[in-house]
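# An overview of the molecular structure
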Protein chains: 2
Amino acid sequence: MSNLAERKARLIVHGETPYNAEPPLVRLRAAYLTPADDFYVRCHGDLPAIAEDEFRLTVDGAVSTTLKLSLHDLRSNFSHVVVTATMQCAGNRRADMRVVAPVSGDPWDGGAIGTAEWTGVRLADVLREAGIHDGADKHVAFESHDTVEGHPYGVSIPLAKALAPETLLAFAMNGEPLLPEHGFPLRAVVPGYAGVRSPKWLKRITVQDRPSDNPIQANDYRLYPPDVTAETADPAKGHTINTMPLNAVICEPMRGAELTVGTNRIRGYAISGDRAVVRVDVSGNGGRSWAQASLEHDANTPFAWTFWTIALDLPAGEHELAVQAWDEAGQTQPSDPNDTWNYKGYLNTTWHRVRVSVT
Amino acid sequence: MSNLAERKARLIVHGETPYNAEPPLVRLRAAYLTPADDFYVRCHGDLPAIAEDEFRLTVDGAVSTTLKLSLHDLRSNFSHVVVTATMQCAGNRRADMRVVAPVSGDPWDGGAIGTAEWTGVRLADVLREAGIHDGADKHVAFESHDTVEGHPYGVSIPLAKALAPETLLAFAMNGEPLLPEHGFPLRAVVPGYAGVRSPKWLKRITVQDRPSDNPIQANDYRLYPPDVTAETADPAKGHTINTMPLNAVICEPMRGAELTVGTNRIRGYAISGDRAVVRVDVSGNGGRSWAQASLEHDANTPFAWTFWTIALDLPAGEHELAVQAWDEAGQTQPSDPNDTWNYKGYLNTTWHRVRVSVT
């Protein structure tokens, strides 16, 4: 197995502490299930090293019985489930928002995303073993072993999503134990939600009547209107980013590629948090005309991305490729980068555009 | 009670046979529950007159027992349910698509939509009474009493949607029996789906292993790419319009209104087929700057529209008001009318824009 330094060398590193990195787009598109060492890494604090035999998961709060589970308990006492799901950072494609105005945060290209077969146990099964108290408007809070500005990392999800069959406590990724940077030995996997709600290095799960008051949940990962600035942002007025919107990215060719006159293969991905992608339109001339891509690989779950491909005849010259996807509700992506700009740089869903030269 | 001629006189009539009409937008926005005589009417053929005591509903196909139910049977044998749901034509806002290129079909403004409290019985309860055979990939076909180009009107929905708790066989609208033009004595109500899937004047419900082969289901109400024309359209390659996308409309002031300098009240609706609307941005200058509307009335169900309102200070001059809504997945509407154009004029979800003059 490779070590962390070797894996870092494969990726585009945005920061060392916290460690944030993404793969080049062509490599991302090479396999429907993203290899763990090509999978983007988003950390908020340190990268904890946890010994498997010392690991304990606490389940407490509004439950009948507080649980304290070793990894062996989790593996032995609950049914194993495999879910194919895409994980995606809320800041994926943030870099492209800078054409409108500056944004805060790491300048992610379209590679802050990846898809894996996650193996674990259903969070619902663990919560039912603990016994959830009756009552409306419940939330399930997660706390992790990593430390962010003096606090443990913490977020929460609505109880209904915690009980959904796709939501896991995962101990393996593509059939192998989690790598340290992906949350060894245990992480949450909340398919369709922004990656921030799928904490790594899990320590504690608490059923409670309100969202987590951890700063990451209470203050960060909010979608603000375009008129809001860092000075005027009020978290109470920002929308908490959970389910991710429709998006599509051209992975191949990459920007600046030099192509040959004639038929060129264009490849990419499309994804919507909880809806199927039904059509992908690709343009070789910046959106003046379109052709429909083949949906090449689709796991038939809204929680995993769709791979698409198309052959375009490109004449000599400079061209702007563009992609526009459609979801099962007939909803599509805006062309204009102004339509989704926000100062935090979240949820850039405008058309992905790639300039290439053809000779 | 008014007669049909009186009700027609209240509406903007696009056609007499089939009868198609919508209310002016200011009147549409006057009440959260749209009065039946202000509710848009979309017919595809004649407007059948059905005597209540002669009405029978047949339930057949892949069921254990074929049912033949009078209206009295339906009312007496099943629990009554009230669902607040918005009904919307797939062609709502079609007229605005003509700024890009001509489109076929009636030129609906933003009034081909309305919200009612529907009273009826759950379709699921009726299907369970008949007993659905086991087996995957089932569809529920509807056939009606109206005749469209020599065929009875017919469509279908997936079995999962037919079994959803919100899907009704409705005999009343806002507490009154259905008006003739709204499907007396019984219609389907399939919340979140395009109105075409909620047939009026119901005659027959058939559980089957494929979608309806009626021309309306098989050939019409397909979403095509922008490069498809009437000559090249292949229904097999069009997306069947079911769940409706995110949309928002300025109802007040209406286009061409003459306003007075100072604070002006802007009002409208926003809706997404199966997601909550979380934010509505309104611009007084064509999208150069934005403010957030108050979500004034929301039934707290994704199946009913959200009413919004905002007070804008407008200086003297000509202004373009614009609205842009956001759904719970952080997905939004495109600004550019080119982004959603299709030759059938379906699902216009680009920003609604209203020019006004202020003196």
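## Some words on the interface of chain B and chain A
With 34 residues of chain B at the contact, the number on the chain A side is 34 residues. The contact between chain B and chain A buries some 2,600 Å² in all, and 48% of this surface belongs to carbon and sulfur atoms. At the junction of chain B and chain A, the tally comes to 2 salt bridges. Aspartate 274 of chain A is paired through a salt bridge with arginine 275 of chain B; the nearest N and O atoms lie 2.7 Å apart. In this structure, the connection of chain B to chain A is made through 14 residue pairs in polar contact (both at pLDDT 80 or more). Counting residues per element, the ones that place at least two in the side of chain B that touches chain A are strand S19 (277–283) and strand S23 (317–327) of chain B. Its residues assigned to classes, the side of chain B that touches chain A shows 14 nonpolar, 11 polar and 9 charged.

## Observations concerning the sheet that holds strand S9 (residues 151–158) of chain A
Residue and element names in this part refer to chain A. Here we have 5 strands laid out as an open sheet, ordered S5-S4-S13-S8-S9, and mixed in their pairing. In this open sheet, the two edge strands, each paired with only one partner strand, are strand S5 (67–69) and S9. Each adjacent strand pair in this sheet contributes to an overall mean axis angle of 20°, direction not counted. With 4 bridges connecting them, strand S4 (residues 57–61) and strand S13 (residues 202–208) associate as parallel partners. The residue bridging threonine 58 from the neighbouring strand is arginine 204, located in S13. The strands touched by helix H4 (residues 123–130) are S4, S5, strand S8 (139–148), S9 and S13; relative to S5, the strand with the most contacts, the crossing angle is about 135°.

## Here we look at the relation of the copies chain B and chain A
The operation relating chain B to chain A is a screw motion whose rotation component is 180°, with 0.0 Å of axial translation and a residual RMSD of 0.0 Å. Taken together, the turn and the small shift mark the pair as related by a two-fold rotation axis. Residues of chain B ranked by C-alpha distance from the rotation axis are headed by proline 334 of chain B, positioned 2.0 Å from it. Both copies present the same face, since 100% of the interface residues in chain B are matched by interface residues at the equivalent positions in chain A.

## A look at the packing of aromatic side chains
With the rule as written, the count across this model stands at 18 aromatic pairs over all chains. Consider the rings of tyrosine 32 of chain A and phenylalanine 307 of chain A, whose centres lie 5.3 Å apart with planes at 75°: the pair is edge-to-face. One end of the pair, tyrosine 32 of chain A, is in the loop between helix H2 (25–28) and strand S3 (41–42); the other, phenylalanine 307 of chain A, is in strand S22 (residues 306–314), with 275 residues separating them in the sequence. The exposure classification of tyrosine 32 of chain A matches that of phenylalanine 307 of chain A, with both residues buried. Of the aromatic side chains, those joined through ring pairs into one cluster are Tyr32, Tyr269, Trp305 and Phe307 of chain A. If you follow arginine 75 of chain A out to its NZ or CZ, it ends over the ring of phenylalanine 171 of chain A, 4.2 Å from the centre. For the cation-ring pair, lysine 8 of chain B lies above tyrosine 19 of chain B, with the distance from its terminal atom to the ring centre recorded as 4.6 Å.

## Quick notes on the domain arrangement of chain A
Interfaces are often described in size by the accessible area the parts lose on coming together. All names here are of chain A. For chain A, the assigned domains are domain 1 (4–240) and domain 2 (247–358). Between the C-alpha centres of domain 1 and domain 2 the distance comes to 27 Å. If you look at the interface, domain 1 gives 43 residues, while domain 2 gives 40 residues. Summing the contributions of domain 1 and of domain 2, the shared interface buries around 3,500 Å²; its carbon and sulfur component is 61%. It is Arg29, Tyr32 and Arg93 that lose the most area in domain 1 upon contact with domain 2, and together they represent 26% of the buried surface on that side.

## What about the pairing of strand S7 (residues 113–122) of chain B?
All names here are of chain B. Counting buried positions along S7 gives 8 out of 10 residues, so the element sits mostly inside the fold. Sheet analysis places strand S6 (residues 81–88) next to S7, joined by 8 bridges and oriented antiparallel. Within S7, the position partnered with valine 83 by the bridge is tryptophan 118. Here S7 pairs with strand S10 (residues 168–173) via 5 bridges, running antiparallel. Considered in S10, the bridge of valine 121 is made with leucine 169.

## A look at the environment of threonine 66 of chain B
Within the element layout of this structure, threonine 66 of chain B appears in the loop between strand S4 (57–61) and strand S5 (67–69). When near neighbours in sequence (up to four residues on either side) are disregarded, threonine 66 of chain B contacts Thr58, Val59 and Asp60 of chain B.

## With respect to unusual backbone geometry
The residue after phenylalanine 184 of chain A, namely proline 185 of chain A, is reached through a cis peptide bond having omega 5°. For proline 185 of chain A, the location among the structural elements is in the loop between strand S11 (176–177) and strand S12 (187–189). The residue after glutamate 252 of chain B, namely proline 253 of chain B, is reached through a cis peptide bond having omega 5°. Mapped onto the elements of the fold, proline 253 of chain B is located in the loop between strand S16 (247–252) and strand S17 (258–259). Phi at arginine 93 of chain A is positive, roughly 70°, even though this residue is not glycine. Mapped onto the secondary structure, arginine 93 of chain A falls in the loop between strand S6 (81–88) and strand S7 (113–122). A residue is classified by how much of its surface remains accessible, and arginine 93 of chain A, at 1% relative accessible area, is buried.

Conventions used here
- Residues numbered from 1 in each chain as written.
- Chains lettered and ligands numbered in written order.
- Predicted model: local features only at pLDDT ≥ 70, side-chain atom pairs only at ≥ 80, totals over all residues.
- Heavy atoms only, no water.
- Contact = heavy atoms within 4.5 Å.
- Buried area = accessible area lost by both parts, 1.4 Å probe.
- Salt bridge = Lys/Arg side-chain N within 4 Å of Asp/Glu carboxyl O.
- Polar contact = N/O pair within 3.5 Å; in protein donor to acceptor, adjacent residues only side chain to side chain.
- Helix = DSSP H or I, 4+ residues; strand = E, 2+ residues; numbered from the N terminus.
- Nonpolar A, V, L, I, M, F, W, Y, C, P; charged D, E, K, R; others polar.
- Pairing = 2+ DSSP bridges.
- Axes fitted to C-alpha atoms, helices over the stretch in contact; angles between N-to-C directions.
- Least-squares fit on C-alpha atoms with pLDDT ≥ 70 in both.
- Phe/Tyr/Trp six-rings, centres within 6.5 Å; stacked < 30°, edge-to-face > 60°.
- Buried < 20%, exposed > 50% of the residue type's maximum accessible area, 1.4 Å probe, protein only.
- Lys NZ or Arg CZ within 6 Å of the ring centre and 35° of its normal.
- Domains from an automatic or database assignment.

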